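# Report on the structure
Below are the chains, spelled out letter by letter.
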Amino acid sequence: MLLVCRYGPEETGEPGGDFLDRARHAVGLLARQRGCERVEFGRAVEAPGEWVLVAVFASLTDYRRALSPFEVREHVVPFLSAARTDEAATFERRFSAAGPDGTGDGGSDQGGSGDDGVVEHPSILG
């Protein structure tokens, strides 16, 4: 399960505001939740006012459970709610692979791993 939230200048507020502090706190809280495999937060190189948060969860159930603890509902949910809503934010994973340094998902226990090191995740959409 992938969560992709996009933020632009209108969502980030004034330069020097608390947006990055809120983002850091949200990343830390999400990453500590059971079933969360990783969280990334970054800025677009071509458009520095554009930001993205990407979280990878083992399953849809783990994603939903990750949003349940009080501290997450208090800090993370409002941060995620500030993201753009004109595009989809949750995606099922279909393929993943580890990078050459061994990081990434390549060892997931879902789906099978082919000779190319790509893990296929079963569709949750049918």
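See above for the structure.
Before going into details, it helps to say that this report is about the structure given with it. What you are looking at is a predicted structure, and each value in this text was computed from that prediction instead of being measured.

Let us look at the side chain of S96. Relative to the assigned elements, S96 resides in strand β5 (residues 95-96). A residue is classified by how much of its surface remains accessible, and S96, at 12% relative accessible area, is buried. A distance of 2.7 Å separates polar atoms of two side chains, one belonging to S96 and the other to H121.

In this section: the packing of aromatic side chains. According to the stated counting rule, one finds eight aromatic pairs in the structure shown. Arranged with centres 5.2 Å apart and planes meeting at 15 degrees, the rings of F41 and W51 form a pair that is stacked. Placement of F41 in strand β2 (residues 36-43) and of W51 in strand β3 (residues 51-57) is noted, with a sequence separation of 10 residues between them. A residue is classified by how much of its surface remains accessible, and F41, at 24% relative accessible area, is partly exposed. Residue W51 is classed as buried on the basis of its relative accessible area of 15%. Aromatic rings pair up to connect Y7, F19, F41, W51 and F79 into one cluster.

Cut-offs and rules
Residues numbered from 1 in each chain as written. Predicted model: local features only at pLDDT ≥ 70, side-chain atom pairs only at ≥ 80, totals over all residues. Heavy atoms only, no water. Helix = DSSP H or I, 4+ residues; strand = E, 2+ residues; numbered from the N terminus. Buried < 20%, exposed > 50% of the residue type's maximum accessible area, 1.4 Å probe, protein only. Polar contact = N/O pair within 3.5 Å; in protein donor to acceptor, adjacent residues only side chain to side chain. Phe/Tyr/Trp six-rings, centres within 6.5 Å; stacked < 30°, edge-to-face > 60°.

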